[in-house]
Amino acid sequence: MSVTPVILCGQFEELGKAFSDGLKPDFEVIYFTTSATSALADIQTVLKGSIPTSTSSSTLVGSGNLAHGAPKAIVVSAALYDDAWVDAARQELRAAGRHVPILKPDLSGCVDGVTAADKAKAKAAAEHAVKVLRKLEDEGKLEGDEDAVYVY
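Reading guide: rules and limits
- Residues numbered from 1 in each chain as written.
- Predicted model: local features only at pLDDT ≥ 70, side-chain atom pairs only at ≥ 80, totals over all residues.
- Heavy atoms only, no water.
- Helix = DSSP H or I, 4+ residues; strand = E, 2+ residues; numbered from the N terminus.
- Buried < 20%, exposed > 50% of the residue type's maximum accessible area, 1.4 Å probe, protein only.
- Contact = heavy atoms within 4.5 Å.
- Areas by Shrake-Rupley, 256 points an atom, 1.4 Å probe, with all protein chains shown as cover.
- Axes fitted to C-alpha atoms, helices over the stretch in contact; angles between N-to-C directions.
- Parallel < 35°, antiparallel > 145°, perpendicular 65-115°, else oblique.
- Left-handed = near helix turned anticlockwise from the far one by under 90°.
- Nonpolar A, V, L, I, M, F, W, Y, C, P; charged D, E, K, R; others polar.
- pLDDT = per-residue confidence, 0-100.
- Salt bridge = Lys/Arg side-chain N within 4 Å of Asp/Glu carboxyl O.
- Pairing = 2+ DSSP bridges.
- Right-handed = clockwise from strand over helix to strand, strands pointing away.

Caption draft 1: Structural context of the overall build of the protein chain. A count of helices and strands for the protein chain gives four helices and five strands. Helices and strands in the protein chain line up, N terminus first, as β-α-β-α-β-α-β-α-β. Among the 152 residues that make up the protein chain, the fraction classed as buried is 44%. Pairs at least 24 residues apart make up 74% of the contacts formed inside the protein chain by residues separated by at least 6 positions. Surface exposure of the protein chain reaches about 7500 Å², of which carbon and sulfur atoms provide 51%.

Written out as C-alpha cells, the structure is:
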C-alpha cells in the first residue's frame, strides 16, 4: 500500500510532530498549519499542488512531499479549528470544486474544548484518526468525491 497524503491543522509544532508521527507509516502529513485564518487559503494552494511558504506553516511537521499526489483528507487536531471553521472550509472547498473529507477530534470530554498538551495524547489521538482514515480509504471515500466531516 502506498502512502496517503493528508493536511494537518494544529496549534502547536511539538504536538503536530507527535500527531504526524502517529499517522505513519500509512499516512503522511504533507502540510501542517497552526493558523486557522491562513489555513483556508493555504489548503486551497496545497490541493492545487503547491506548498505555501506562509509563516503559519511548518516544514518541521509537514513533509512538503507532493509525490503521492494531492492530499486525500484534512485532519484537524486542535480546538482552534472549531465547527464554524470546518463549515467555512467545506464551503470554500466546494466552491472550488474540491471534495476532501475533514476529520475532527471528539472534544466532548474536554474542559473548554482544550485537551492536555502532551505528546502521548497527540499520538493517541493520531491513532484514532488513523482508524477513521483507514475506514474511509477502504470505503473509497478518499478519492475526491467525498466532503463529509468525520469525528475521530
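Resuming the write-up.
Caption draft 2: Up close: the packing of helix 1 (residues 13-23) against helix 4 (residues 119-138). In contact at an axis separation of 8 Å, helix 1 and helix 4 are set at 40° when each is read in the N-to-C sense. In terms of their interaxial angle, helix 1 and helix 4 are classed as oblique. Seen from above, helix 1 lies across helix 4 with right-handed handedness. On the side of helix 1, the interface is formed by E14, L15, A18, F19, D21, G22 and L23, while helix 4 contributes K119, A122, K123, A125, A126, A129, V130 and L133. Looking at the contact of helix 1 with helix 4, its residues break down into ten nonpolar, one polar and four charged.

Caption draft 3: Geometry of unusual backbone geometry. The omega torsion across K24 and P25 is 10°, close enough to zero to call that bond cis. Take P25: it is sitting in the loop between helix 1 and strand 2 (27-33).

Caption draft 4: Fine view of the packing of helix 2 (residues 36-47) against helix 3 (residues 83-95). At a closest axis distance of 11 Å, the pairing of helix 2 and helix 3 adopts a crossing angle of 30°. Classed by the angle they form, the pair helix 2 and helix 3 counts as roughly parallel. Seen from above, helix 2 lies across helix 3 with right-handed handedness. The residues of helix 3 that touch helix 2, namely those facing A36, A39, L40, I43, Q44 and L47, are W85, A88, A89, E92 and L93. Grouping the constituent residues of the contact of helix 2 with helix 3 by class yields nine nonpolar, one polar and one charged.

Caption draft 5: Spotlight on the confidence of the model for the protein chain. Chain-level statistics for the protein chain give a pLDDT mean of 88 and a share of 89% at 70 or above. Scored below 50 in pLDDT, residues 112-116 makes five contacts in the model with residues more than four places away or belonging to other chains.

Caption draft 6: Structural context of the pattern of salt bridges. The final tally for this structure, using the stated rule, is seven salt bridges. For K24, the salt bridge goes to D21, with nearest N and O atoms at 3.6 Å. Judged by its relative accessible area of 47%, K24 is partly exposed. Salt-bridge contacts for R134 lead to D26; the nearest nitrogen and oxygen are separated by 2.5 Å. With a gap of 108 residues between them, R134 in helix 4 and D26 in the loop between helix 1 and strand 2 connect regions that are remote in the sequence.

Caption draft 7: Seen up close, the pairing of strand 3 (residues 73-76). Because side chains alternate across strand 3, one face comprises the buried residues A73 and V75, and the other comprises I74 and V76, equally buried. With four bridges connecting them, strand 1 (residues 4-9) and strand 3 associate as parallel partners. If you follow C9 over to strand 3, its bridge partner there is V76. Across two bridges, the pairing between strand 3 and strand 4 (residues 102-104) is parallel. Bridge pairing links V75 to L103 in strand 4. Running through helix 3, the crossover from strand 3 to the neighbouring parallel element strand 4 is right-handed.

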